[in-house]
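Architecture at a glance
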Amino acid sequence: MRMVFRWFGEGNDSVKLSQIKQIPGVEGLVWALHDLPAGEVWPLERVQAIKRQADQFGFHIDVVESVNIHESIKLGSDDRDYYIENYIKTIQHLATVGVKVICYNFMPVFDWIRTDLFGLLPDQSTALFYESDKVRDMDPLELVQKIAANPDYTMPGWEPERLETLKGLFTAYQNVTNQDLMHHLKYFLEKVIPVCEEYDIKLAIHPDDPPWEIFTLPRIVTTQHQLKEITQLVDSPYNGITLCSGALGVLKENNIVTMIYDLRDRIHFAHIRNVQLFDNGDFIETSHRTMDGSLPIDQIVQAYHEIGYTGYVRPDHGRHIWNEDCRPGYGLYDRALGIMYLWGLWDAYQQIRGKDEVDVTNSLQFKR
Ligand code: CS2
Ligand code: MN
């Protein structure tokens, strides 16, 4: 596995590249131009500026998360071809700096949804909470205002210009079924995957988070069956997935280990994190360790090890610990702990299986 770390960019992230550099085994940054609204072409100069920043620390920028999809594409509106053309131009620009994987999602209107970004845990750390009752009673517009009011950072998927048009979007989606949304995804993939093949960039769709219907909007990336269907919409290795254990794992029927084996050829990016599930559908994001949550993170890493996974991996959201002041879910400390847990498991499986060809490319050993 190739360990990468999400970084939101200078001035938009409390974590510094010099800090990421000291986490064992991190070889690259997962990045995006978060200030650009979905649908805009990512300018070449800005893409190249990120490359220069990463180069200073010896990181690659192979993985982008996300190039967001304009709502017109998801809605199948008349102007979707214009936005697909823009997407293609962005792919071409990303190819010039060696990008290999683009993570994206196909969730209407919202990206992820939580009810508390700093929920208190018994040890006084905080984490992201999802409480189903609150979502049921919540007016989506209120939720949006609450999240947009977070003054310090731009949040992925919650860009202000999207919020302004929210009411109109809800109306537009009223007549869009899950099947329609799947057709719109197919239309998009049919146009874009040939370009990905030409430029050697793999697309990796991120599951819906949480993977069930919210605010009556359609949802099509929630189960193993749907992921499989998506990989068949255009049958190319460039049409792949981001297997996010935390997003998919809150749906009890989703067995992440089985998914790893079933979808192995199309997993281009792995997000690994744990969640604690409650009977009523609530969940909290816990630390990565298996016994701290409801997901078998040890078996998940073992499955990746057994399939000989050579793709990119990142720890996903972490808790906020040691009084860290950071973006919700994206502090330095807990994600770094998560990485060490993942490496610990990986190296142990490596030992057990007797692979003596341990890859030391990214080791922090002092060379003199
Ligand atoms: C991420 C998502 O921060 C997060 O919650 O898991 O925003 C993810 O980056 C997007 O859905 C991927 O397109
Ligand atoms: Mn994820």
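Residues numbered from 1 in each chain as written. Chains lettered and ligands numbered in written order. Predicted model: local features only at pLDDT ≥ 70, side-chain atom pairs only at ≥ 80, totals over all residues.

Test applied: UniProt positions are given in the numbering used here, feature names are shortened, and annotations may be inferred rather than shown by experiment.
The name an unreviewed UniProt entry assigns to the protein chain is Mannonate dehydratase, from the organism Gracilibacillus dipsosauri. Under the UniProt heading Pathway (unreviewed entry), the entry covering the protein chain gives this text: "Carbohydrate metabolism; pentose and glucuronate interconversion." Note on the protein chain: under the UniProt heading Sequence similarities (unreviewed entry), the record states "Belongs to the mannonate dehydratase family."

Comments concerning the overall build of the protein chain
This is how it is decided: Numbered from the N terminus, helices here are DSSP runs of H or I no shorter than four residues, and strands are runs of E no shorter than two. The atom set for the radius of gyration is the C-alpha atoms, and the globule formula is 2.2 Å times the number of residues raised to the power 0.38. In this scheme every C-beta is placed from the backbone, and a residue whose C-beta has 20 or more other C-beta atoms within 10 Å is buried, one with 12 or fewer is exposed, and one in between is partly exposed. The contact rule is simple: place each C-beta atom from the backbone, and if two of them lie within 7 Å, those residues are in contact.
Along the backbone of the protein chain there are 14 helices and 12 strands. For 368 residues, the compact-globule estimate of 2.2 N^0.38 gives 21 Å, and the C-alpha radius of gyration of the protein chain, at 20 Å, lies within 12% of that figure. Dimensions of the protein chain, computed from C-alpha atoms along their principal axes, come out at roughly 60 × 50 × 40 Å. Residues classed as buried in the protein chain amount to 41% of the 368 residues present. The contacts of the protein chain with a sequence gap of at least 6 include a subset with a gap of at least 24, amounting to 72%.

A word on the packing of helix 13 (residues 297-306) against helix 14 (residues 333-352)
For any two helices packed against each other, the geometry is given by the interaxial angle and the distance between the axes. Keep this limit in mind: Helix axes are fitted only over the stretch in contact, all axes being lines through C-alpha atoms; the angle between N-to-C directions runs from 0 to 180 degrees. In these notes the angle categories are as follows: under 35 degrees is roughly parallel, over 145 is roughly antiparallel, 65 to 115 is roughly perpendicular, and the rest is oblique. Each crossing gets its handedness from the near helix: less than a right angle anticlockwise from the far helix is left-handed, clockwise is right-handed. Each residue receives one of three labels: charged for Asp, Glu, Lys and Arg, nonpolar for Ala, Val, Leu, Ile, Met, Phe, Trp, Tyr, Cys and Pro, and polar for the others, Gly being one of them.
Relative to each other, helix 13 and helix 14 sit at 50 degrees, their axes nearing to 9 Å. Put simply, helix 13 runs oblique to helix 14. Here the hand of the crossing between helix 13 and helix 14 comes out right-handed. Residues D298, V301, Q302 and H305 of helix 13 pack against L342, L345, W346 and Y349 of helix 14. Residues that form the contact of helix 13 with helix 14 fall into these classes: 5 nonpolar, 2 polar and 1 charged.

Points about helix 2 (residues 44-56)
As a reminder of what qualifies: To estimate the expected span of a helix, subtract one from its residue number and multiply by 1.5 Å.
With 13 residues, helix 2 extends 19 Å between its outermost C-alpha atoms, agreeing within 8% with the 18 Å of an ideal straight helix rising 1.5 Å per residue. G58 occupies a position one or two residues after helix 2 and carries a positive phi of about 70 degrees.

As for the pairing of strand 5 (residues 116-120)
For clarity, the threshold we go by: Note on pairing: two strands pair once DSSP finds at least 2 bridges between them.
The pairing of strand 5 with strand 6 (residues 126-130) spans 3 bridges and is antiparallel. If you follow D116 over to strand 6, its bridge partner there is F129. The antiparallel hairpin formed by strand 5 and strand 6 contains 5 residues in its connecting segment, where Q124 sits at a positive phi of about 75 degrees.

Looking at the packing of helix 10 (residues 224-233) against helix 12 (residues 256-263)
Across the interface, helix 10 lies against helix 12 with an axial gap of 11 Å and an inter-helix angle of 20 degrees. Taken together, the axes of helix 10 and helix 12 are roughly parallel relative to one another. Crossing geometry of helix 10 relative to helix 12 is assigned as right-handed. For the pair helix 10 and helix 12, the contacting residues are Q224, L227, K228 and T231 in the first and T258, M259, D262 and L263 in the second. Taken together, the residues of the contact of helix 10 with helix 12 sort by class into 3 nonpolar, 3 polar and 2 charged.

Things to note about the environment of D116
Within the secondary structure layout, D116 lies in strand 5. For the pair D116 and A127, spaced 11 residues apart in sequence, the C-alpha separation works out to 8.0 Å.

Some thoughts on the sheet that holds strand 5
Pairing is antiparallel in the open sheet, where 4 strands are placed in the order 5-6-11-10. Looking at strand neighbours, the two that pair on one side only are strand 5 and strand 10 (275-277), the edges of this open sheet. Here the average twist between neighbouring strands, direction ignored, is 35 degrees.

Overview of the sheet that holds strand 3 (residues 60-65)
A barrel is described by the order of its strands in space; here 8 strands give the closed sequence 1-2-3-4-7-8-9-12, paired in parallel fashion. Each strand of the sheet is rotated relative to its neighbour by a mean of 30 degrees, with strand direction disregarded. Here strand 1 (residues 2-6) pairs with strand 12 (residues 312-315) via 2 bridges, running parallel. The residue of strand 12 that forms the bridge with M3 is V313.

Notes on the environment of V101
With respect to the helices, strands and loops of the structure, V101 is situated in strand 4 (residues 101-105). Exposure remark for V101: the 23 C-beta atoms within 10 Å place this residue in the buried category. The spacing of V101 and Y238 is 137 residues in sequence and 9.0 Å in space, taken between C-alpha atoms. If we ignore the near neighbours within four places in the chain, the residues touching V101 are D62, V63, K202, A204, H268, F269 and Y312.

Focus on the confidence of the model for the protein chain
For clarity, the threshold we go by: In predicted models, pLDDT denotes the confidence assigned by the predictor to each residue on a 0 to 100 scale.
Within the protein chain, residue pLDDT values average 92, and 92% of them lie at 70 or more. Complex prediction metrics read pTM 0.93 and ipTM 0.95.

Some remarks on unusual backbone geometry
Peptide bonds are mostly trans, and most non-glycine residues show a negative phi. Following E65, the chain continues into S66 via a peptide bond in cis, with omega recorded as -10 degrees. Residue P210 is bonded to the preceding D209 through a cis peptide linkage, with omega at 0 degrees. With respect to the helices, strands and loops of the structure, P210 is situated in the loop between strand 7 (202-206) and helix 10. The phi dihedral of V109 is positive, around 65 degrees, even though this residue is not glycine. Assignment of secondary structure puts V109 in the loop between strand 4 and strand 5. Phi is positive for F215, close to 50 degrees, though the residue is something other than glycine.

Describing the pairing of strand 12
Every second residue of strand 12 is oriented toward a common face, with Y312 and R314 on one face and V313 and P315 on the other, all of them buried. Bridge count between strand 9 (residues 267-272) and strand 12: 4 bridges; the pairing is parallel. Bridge pairing in strand 12 links F269 to Y312.

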